[in-house]
Amino acid sequence: MWLGIQKLNTENFSLLKTAISEDGFVFNVYFIKLASSVINIISDVVSLFICVLIICSKYSQQLKQRTMKMLLFRKFRVLILMVFLIACSMHILIDLLPKLERRGNTGCSCSHTPSEGPQNWAKHRARSGVESGWPNKHTLRILQDFSNEPNSNISSHSPEKIPKAGDKTEAFIRPEHYAQNGDQNRRFIPDTVLNKNVPVKGSRLRALFDHPLFKRALPSLTDEDTLFNVNTDIRFDTKGATENQEWHAEQNVEEYSPTGGELTVDSYPNWLRFHIGINRYELYSRHNPVIDALLRDLVSQRITSVAMKSGGTQLKLIMTFQNYGQALFKPMKQTREQETPPDFFYFSDFERHNAEIAAFHLDRILDFRRVPPVAGRLLNMTKEIKDVTRDKKLWRTFFISPANNICFYGECSYYCSTEHALCGKPDQIEGSLAAFLPDLALAKRKTWRNPWRRSYNKRKKAEWEVDPDYCEEVKQTPPYDSGTRLLDIMDMTIFDFLMGNMDRHHYETFEKFGNESFIIHLDNGRGFGKHSHDEVSILVPLSQCCRVKKSTHLRLQLLAKEEYQLSGLMSESLLRDKLTPILIQPHLKAMDRRLHHTLNVLADCIEKEGYSNVVEDDLAGEREWGHTSPRGR
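Residues numbered from 1 in each chain as written. Predicted model: local features only at pLDDT ≥ 70, side-chain atom pairs only at ≥ 80, totals over all residues. Heavy atoms only, no water.

## So, the overall build of the chain
- If you tally the helices and strands in the chain, you get 21 helices and 13 strands.
- Burial analysis of the chain (633 residues in total) assigns 53% to the buried set.
- Pairs at least 24 apart in sequence give 77% of the contacts found in the chain among residues at least 6 apart.
- For the chain, the computed accessible surface area is about 30600 Å², with 54% contributed by carbon and sulfur atoms. (Helix = DSSP H or I, 4+ residues; strand = E, 2+ residues; numbered from the N terminus. Buried < 20%, exposed > 50% of the residue type's maximum accessible area, 1.4 Å probe, protein only. Contact = heavy atoms within 4.5 Å. Areas by Shrake-Rupley, 256 points an atom, 1.4 Å probe, with all protein chains shown as cover.)

## A look at the UniProt feature "binding site: ATP" (unreviewed entry) in the chain
- UniProt records the feature "binding site: ATP" (unreviewed entry) at Gln-314, Lys-330, Glu-351, Ala-434, Ala-435, Phe-436, Leu-437, Glu-508 and Asp-523, using the numbering of this structure.
- Along the polypeptide, Leu-437 turns up in the loop between strand 9 (428-435) and strand 10 (445-449).
- For Leu-437, a relative accessible area of 3% gives the class buried.
- Along the polypeptide, Asp-523 turns up in the loop between strand 11 (506-510) and helix 17 (540-545).
- Overall, Asp-523 belongs to the buried group, its relative accessible area being 13%. (UniProt positions renumbered as here; feature names shortened; annotations may be inferred.)

## What to know about helix 18 (residues 550-559)
- Where burial is concerned, most of helix 18 is hidden: 10 out of the 10 residues are buried.
- Where helix 18 is concerned, the buried positions are Lys-550, Ser-551, Thr-552, His-553, Leu-554, Arg-555, Leu-556, Gln-557, Leu-558 and Leu-559.

## Concerning the pairing of strand 9
- Most of strand 9 is tucked away, with 7 of its 8 residues classed as buried.
- Bridge count between strand 4 (residues 326-331) and strand 9: 5 bridges; the pairing is antiparallel. Paired with Pro-331 across the two strands is Gly-431, which belongs to strand 9.
- Bridge count between strand 5 (residues 374-380) and strand 9: 7 bridges; the pairing is antiparallel. Directly across from Val-374, in strand 9, lies its bridge partner Ala-434. (Pairing = 2+ DSSP bridges.)

## Things to note about the state of the cysteines
- This model, assessed by the stated rule, comprises 4 disulfides.
- The residue that forms a disulfide with Cys-471 is Cys-545, at a sulfur-sulfur distance of 1.8 Å. Disulfide Cys-471 to Cys-545: torsion about the S-S bond roughly 115°, handedness right-handed. In this pair, Cys-471 sits in helix 15 (residues 470-474) while Cys-545 sits in helix 17, placing the two residues 74 residues apart along the sequence.
- Here Cys-546 engages in a disulfide with Cys-605; their sulfurs sit 2.1 Å apart. Handedness here is read from the sign of the S-S torsion; for Cys-546 and Cys-605, about -70°, the answer is left-handed. Residue Cys-546 is found in the loop between helix 17 and strand 12 (548-549), and its partner Cys-605 is found in helix 20 (residues 585-609); the two are separated by 59 residues along the sequence.
- Judged by relative accessible area, which is 3%, Cys-605 ranks as buried. (Disulfide = S-S within 2.5 Å.)

## Remarks on helix 20
- Taking 1.5 Å as the rise per residue, helix 20 with 25 residues should run 36 Å; its terminal C-alpha atoms sit 37 Å apart, in good agreement.
- With respect to burial, helix 20 is a largely interior element, 18 of its 25 residues being buried.
- Where helix 20 ends, the next residue or the one after it, Gly-610, has phi of about 100°, a positive value. (Expected span 1.5 Å × (residues − 1).)

## Re the UniProt feature "binding site: Mn(2+)" (unreviewed entry) in the chain
- In the UniProt entry, the feature "binding site: Mn(2+)" (unreviewed entry) is given for Glu-351 and Asp-523. Considering the C-alpha atoms alone, the annotated residues occupy 173 residues of sequence yet fold into one spot, their largest mutual distance being 9.0 Å.
- Examined against the element boundaries, Glu-351 turns out to sit in the loop between strand 4 and helix 11 (353-365).

## Remarks on the pairing of strand 3 (residues 317-321)
- Burial runs high along strand 3: 5 of the 5 residues are buried.
- Burial along strand 3 is two-sided: the face carrying Leu-317, Met-319 and Phe-321 and the face carrying Ile-318 and Thr-320 are both buried.
- Here strand 2 (residues 303-308) runs beside strand 3; their pairing, made up of 5 bridges, is antiparallel. Residue pairing for strand 3: Met-308 is matched across the bridge by Leu-317.
- Strand direction decides the pairing type here: strand 3 and strand 4, joined by 4 bridges, are antiparallel. Paired with Ile-318 across the bridge in strand 4 is Leu-328.
- Counting the residues between successive antiparallel strands, the hairpin from strand 3 to strand 4 contains 4 residues, one of them, Tyr-324, with a positive phi of roughly 75°.

## Description of the packing of helix 11 against helix 19 (residues 566-574)
- Closest axis-to-axis distance for the helix 11/helix 19 pair is 10 Å, and the angle between their directions is 120°. The angle between the axes of helix 11 and helix 19 places the two elements in the oblique class. When you trace helix 11 past helix 19, the crossing you get is right-handed. When helix 11 is examined against helix 19, the residues Ile-357, Ala-358, His-361, Leu-362 and Ile-365 are found in contact with a partner set consisting of Leu-566, Leu-569, Met-570, Ser-573 and Leu-574.
- Classifying every residue of the contact of helix 11 with helix 19 gives 8 nonpolar, 2 polar and no charged. (Axes fitted to C-alpha atoms, helices over the stretch in contact; angles between N-to-C directions. Parallel < 35°, antiparallel > 145°, perpendicular 65-115°, else oblique. Left-handed = near helix turned anticlockwise from the far one by under 90°. Nonpolar A, V, L, I, M, F, W, Y, C, P; charged D, E, K, R; others polar.)

## Overview of the sheet that holds strand 3
- A sheet is described by the order of its strands in space; here 5 strands give the open sequence 2-3-4-9-5, paired in antiparallel fashion. Two strands close off the open sheet at either side, each with one partner strand: strand 2 and strand 5. Strand-to-strand twist of the sheet, defined as the mean angle between neighbouring strand axes without regard to direction, takes the value 35°.

## Describing the confidence of the model for the chain
- Across the chain, the average pLDDT comes to 76, with 63% of residues at or above 70.
- A low-confidence stretch, residues 101-200 (pLDDT under 50), is modelled with 220 contacts involving residues beyond four sequence positions or located in other chains.
- Every residue in residues 622-630 scores below 50 in pLDDT, and together they form 28 contacts with partners more than four places removed in sequence or on other chains. (pLDDT = per-residue confidence, 0-100.)

## Structural notes on the environment of Gly-483
- Turning to its location among the elements, Gly-483 is positioned in the loop between helix 15 and helix 16 (485-499).
- Residue classification places Gly-483 among the buried residues on the basis of a relative accessible area of 12%.
- Considering only alpha carbons, one finds Gly-483 and Glu-516, 33 residues apart in sequence, at a separation of 6.6 Å.

The following block contains the structure:
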């Protein structure tokens, strides 16, 4: 019985703590496990009670009649049998539940309509189920799953799903010291574009952006290719747009009016101009001056309101500025020199503010431009958080430490306690501010499950970790069977490997553009945790699929050249941030090492499959976006 109580207090409590998922599946498991544990306890109590009665019956003077003892034993024997049968049934139901989940779900992550797409796919699957190469039902559920619950759209960043547990990969973990082997000397694929080296004089970053690879023109944009269609005849009124949203602080603040009179598009706040510039191909253009102006706003705009972000495993704050823009604040939790402890699982690692900042700069250097603008800022915890917040739960967590520093810890799943409080010096704290994407009421986004999502379990492995042919199933599953989505996943894989980010469980796209659009690289706080270790399992999607865009491949080769060098470009770019230095030198050198390893993986693929089967030519002509299809092998 004590074992049953202990099981109830441990397993179910931890499951309750992690009961945030794409749907109610985890909650169902919780209640079933709770009922099972209660039944186990009841069965133990009944068994003990019957044993006591049977023992007492042998020595009791009142139960000498044989019929009475047999009747008593028979009744309780049936009761014991029924209790144990119910307990076994509950355990069997728990084992079968993962296979039964979402069997009735009609959602589809492909470009078909929700009502007909899955049915047609199911009929086709039934007809050709015996054909080799088709993915099984379990794989299809994993690949086509995306989150549609209201909580996934609370803020501009998708909420992090609180995992139950996790597992470090064993099949692919091989700590390698690339400086000690000869892989770095392997030849890369020559290309005429790379032979036109730009002589680097002064700024490497300026020379990089002047390179022909960074001057490709986009196809002409139509109304269907832009996120918003601006009507210049309508006057933009910031006060009227927010008067019902309670964004103002309780105290009186002066009205934001940058120009006075009617506002034109060019005089809109920088955060709004950033939103207007989003299109089918990019979050922002390469040389858009609005982005640098927005980065300055994130550092200088006065904060008028602060609230905790709902969902997520760690504390994050939503900050509203005087010009009605909003940003997500991640406070500093570790110093620049600290590495992730070796015994930490990837899902329990700290979220680092400097990783968010560095990820934005790396994304821009790789010419992806899929990370919203992020800047570092030093805040006064009293004046810019405590005094302006209307969140009582947040306000109550402020206290003064024994060292007379202002501290707070907020509310979240991990690291929100007095022992893990965020303390200023004495009231100054640094953090990252990521600009919000457009409000979901104006521009809906779809959340997709990453096909190479980790198991988030301490003991179990994901399917891709044990199946070397997993990519073949992915390539036959919408939306990865056509368009550029699979190639975009490869871009995201390379991006994560350069940072050392293992926590890529979901990604998002804008609903307006359907499946023919880029994917947004959100939530990069768990990158740059270890500079002394290269987690090569992050590159498994690339090594399994052996597919990459030609533009990405050429840019990687360019960044590996001495006259550019990724670490030097990152160092120069990060100098622009107010919190510089953002990364210490070992992290910068680790990126160079990982870049060479990525090119080696691609070289192996090309040697095995052939250049034309690995490198997808996205540079030839002004082709329509999304009309290419992954080549089967």
